Amino acid sequence: MSNASTPKTVVISGASRGIGQATARRFMNEGWRVITCARGPLPDDPTRTELWQDHFTVDLADGNAVEAFVRDVKKLLGGAPLNALVNNAGVSPKTEFKERLGVLNGPIAGWRDVFALNFFAPLILARGFASDLHKAKGSVVNITSIAGHYVHPFAGSAYSTSKAALSGLTREMAAELAQLGIRANAVAPGEIATEMVGPEYEALIPRIPLDRMGTPEDVATTVFRLCSDEFGYVTGTEIFVTGGQHLY
């Protein structure tokens, strides 16, 4: 827990479930003020403290909604610094035939929707909060994916290429935002047991050296450490939280 009289503040997108929810809980338990957003409301949770009461229901695939969210958070901050931004919201939709969007299937409009949320929302949020992050010499963490680096049997091409683009964006963010004292890194999860993972993913476990799927908490821990002062000289890197799966 932080001993500071004024807690540090983090903004986390896609925090209603899975990795985003676990990450928000980790920051809350470490004494940070947590501001979140998602397409839906937060689930009822009696263990959520006063540090995590600010939640916005917003569709980040809508560029205008992203900008409105930035304005709302700035108003909530009231000129106070923002210590961290975690871009976690993402989508991997299926076609009407229950297939992931690929090179040869699914509407091109579906690809644009994927990139709107997985790529452009992090860009707009980082740009929108740059001045607030500058005040704190803060940190941006983008949640990418192992699928952005390797052909994945279930992810789909639209999702995979959007995450590859986000990896590249993280590198460019690190170079440009360093001029403002802001660090930018990425975390690339492998097979994590969340609502996005179906039974078919069990077949991938033999390809994981640690012989298990990861947990949302495995990712949350890495995200938190990247935002901590202990990692104050780390920027422009991407950490694989894959149990070693990315080695093959």
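Everything quoted here is computed from the prediction, not taken from an experiment.

S.K.: Please set out the nonpolar core residue by residue, giving values where relevant.
M.R.: Proteins that are soluble and globular tend to have nonpolar side chains buried together. Judged by nonpolar contacts, the single largest core of 34 residues is most densely connected at Val11, Leu60, Phe69, Leu85, Leu125, Phe129 and Val140. A per-element tally of this core places helix H3 (residues 108-128) first, with seven residues. Excluding anything up to four places from it in sequence, Val11 contacts Ile35, Phe69, Val73, Leu82, Ala84, Leu85, Val86 and Phe129. If you look at the next biggest cluster of nonpolar residues, it comprises 24 residues, including Ala15, Ala24, Met28 and Leu51.

S.K.: Quick one: what's the story with the sheet that holds strand E2 (residues 33-38), residue by residue and with numbers?
M.R.: Spatially, seven strands are ordered E3-E2-E1-E4-E5-E6-E7 in an open sheet, and the strand pairing comes out parallel. At either margin of the open sheet sits one strand with a lone partner, and together these are strand E3 (54-57) and strand E7 (238-241). Looking at each pair of strands side by side, their axes are set apart by 15 degrees on average, direction ignored. Two elements, strand E1 (residues 9-13) and E2, share five bridges in a ladder whose sense is parallel. Counted as the bridge partner of Val11 is Ile35 from E2.

S.K.: Let's hear about the pairing of E1: which residues, and what values?
M.R.: The buried fraction of E1 amounts to five of the five residues, a majority that puts the element mostly inside the structure. Neither face of E1 is open: one carries Thr9, Val11 and Ser13, the other Val10 and Ile12, and all of them are buried. Each parallel crossover has a hand, and the one from E1 via helix H1 (residues 18-29) to E2 is right-handed. The sheet contact formed by E1 and strand E4 (residues 84-87) spans three bridges and is parallel. Residue pairing across strands places Val11 opposite Leu85, the latter belonging to E4.

S.K.: Tell me what's going on with the packing of H1 against helix H6 (residues 216-227), and back it up with residues and numbers.
M.R.: Running from amino to carboxyl end, H1 crosses H6 at an angle of 50 degrees, the nearest separation of the two axes being 8 Å. Overall, the two elements H1 and H6 adopt an arrangement that is oblique. As for the relative orientation of H1 and H6, their crossing is right-handed in sense. Contacts between H1 and H6 involve Gly18, Ile19, Ala22, Thr23, Arg26 and Phe27 from the former and Pro216, Glu217, Val219, Ala220, Thr221, Val223, Phe224, Arg225 and Cys227 from the latter. Considered class by class, the residues forming the contact of H1 with H6 number nine nonpolar, three polar and three charged.

S.K.: Let's hear about the packing of helix H2 (residues 63-77) against H3: which residues, and what values?
M.R.: Look at H2 against H3: their axes get within 10 Å of each other, and the N-to-C directions meet at 30 degrees. Regarding the angle of H2 to H3, the classification is roughly parallel. You can see that H2 and H3 cross each other, and the crossing is right-handed. The residues of H3 that touch H2, namely those facing Gly63, Val66, Glu67, Phe69, Val70 and Lys74, are Ala121, Ile124, Leu125 and Gly128. Within the contact of H2 with H3, the residues separate by chemical class into six nonpolar, two polar and two charged.

Thresholds applied
Residues numbered from 1 in each chain as written. Predicted model: local features only at pLDDT ≥ 70, side-chain atom pairs only at ≥ 80, totals over all residues. Heavy atoms only, no water. Core = buried A, V, L, I, M, F, W, Y, C linked by side-chain atoms within 4.5 Å. Buried < 20%, exposed > 50% of the residue type's maximum accessible area, 1.4 Å probe, protein only. Helix = DSSP H or I, 4+ residues; strand = E, 2+ residues; numbered from the N terminus. Contact = heavy atoms within 4.5 Å. Pairing = 2+ DSSP bridges. Axes fitted to C-alpha atoms, helices over the stretch in contact; angles between N-to-C directions. Right-handed = clockwise from strand over helix to strand, strands pointing away. Parallel < 35°, antiparallel > 145°, perpendicular 65-115°, else oblique. Left-handed = near helix turned anticlockwise from the far one by under 90°. Nonpolar A, V, L, I, M, F, W, Y, C, P; charged D, E, K, R; others polar.

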